[in-house]
Amino acid sequence: MKNKPTQYSTLVQLSSSHMHQFLHKICRKGDEKLHFILVHDAERSKPTNANSAHSLNSSNDKQAILLHKPLLLLEKQVPHIELISKNNKSIHLLSQNAKGYAVFMEINRRDEKSREIKEIRAQFIDVDLNKISEQFQTKEQLKARIKQLKSDPLERIQSITIKKGKQGQYLLRAHRAEEQVAQLKKTFLKKHWSQIKNAMIVETKNGYHIYWVIQNGSISKFVPIQKALASKFGSDPMITNLSRVMRIPGFYHMKNPDKPYLVRVIHSGRKQPYTQEELIQTLMLRP
């Protein structure tokens, strides 16, 4: 008689399927070495570490842990996964996630000898519907925008922070309430579905990561296409560097440990990878 699956075993299977679906879609060669970085989710929100998880070059951050492993040797189930640190120690990945560490992976393939990016695995965007980031030259403009945000019932602003930029400008960052983010997620998918239905869509706590898997990509075309994608979809304009890392499905967003959020693949997209030229033509990009 077979044992009925427990809630925990069901969650294990779910998280493992999301991770492996993502990895085998992005990485098509089993012997490829994957490069990961763990950064404490709570620390990422601090100004000094704001960019700590954007690139593996951020390893000087004391909160960051650099890890690696070939795809072929990666354990099948998330609770069993152990990655290798720079000093050859085994690190249990799910335990670190439970301690509050976000799990990121470098998307493009790095040459192990030269350490340079040698292959474009995907073009991608980060749609963050939680934040409003704007800048203003005068205090009057800033005050008018804050008044507009607070009086707009559709925005449901939860918090607003203001900082002074190096050039004297006013930097405004507002955070929307969870209910508004949930509604904006639905609106975004409905608005852009015809253009993203063939891409792989990863749902995050605050929005989506959308990937167009690439074959035979040109290194020189990567950044211009990233900028064109961000412009077209109104996504994060900073997601452009070749060494960019992204949050991996199958693990939890842990900025609020009382409300862990499982990052997951909600749509796998088409099987055939894109060429960069096909992507430009299909989405009518202007790189």
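How each quantity is defined
- Residues numbered from 1 in each chain as written.
- Predicted model: local features only at pLDDT ≥ 70, side-chain atom pairs only at ≥ 80, totals over all residues.
- Heavy atoms only, no water.
- Core = buried A, V, L, I, M, F, W, Y, C linked by side-chain atoms within 4.5 Å.
- Buried < 20%, exposed > 50% of the residue type's maximum accessible area, 1.4 Å probe, protein only.
- Contact = heavy atoms within 4.5 Å.
- Pairing = 2+ DSSP bridges.
- Helix = DSSP H or I, 4+ residues; strand = E, 2+ residues; numbered from the N terminus.
- Phe/Tyr/Trp six-rings, centres within 6.5 Å; stacked < 30°, edge-to-face > 60°.
- Lys NZ or Arg CZ within 6 Å of the ring centre and 35° of its normal.

## Focus on the nonpolar core
Counting 56 residues, the largest nonpolar core has F22, I210, Y211 and W212 as the members making the most contacts within it. When neighbours within four sequence positions are excluded, F22 is seen to be in contact with M105, I107, M200, V202, Y211, I248, P249 and V265. Ranked by size, the runner-up nonpolar core spans eight residues in total, among them I132, L142, I146 and A174.

## Topic: the pairing of strand β10 (residues 157-164)
As paired elements, β10 and strand β11 (residues 170-176) share seven bridges and run antiparallel to each other. The partner of T161 across the bridge, within β11, is R173. Where β10 folds back on β11, the antiparallel hairpin that results is connected by five residues, among which G168 adopts a positive phi of roughly 90°.

## Quick look at the packing of aromatic side chains
Applying the stated criterion across every chain, the model contains five aromatic pairs. Measuring from centroid to centroid gives 5.1 Å for F22 and Y211, while their planes differ by 75°, and the two rings are edge-to-face. On the criterion of sequence distance, the pair formed by F22 in helix α1 (residues 7-26) and Y211 in strand β13 (residues 207-213) is long-range, its members being 189 residues apart. The pair formed by F22 and Y211 is uniform in burial state, with each residue classed as buried. One aromatic cluster in this structure is built from F22, F124, Y211 and F222. Here the basic side chain of R270 rests over the ring of Y274, its NZ or CZ set 3.7 Å away from the ring centre.

Geometry only, nothing functional implied.
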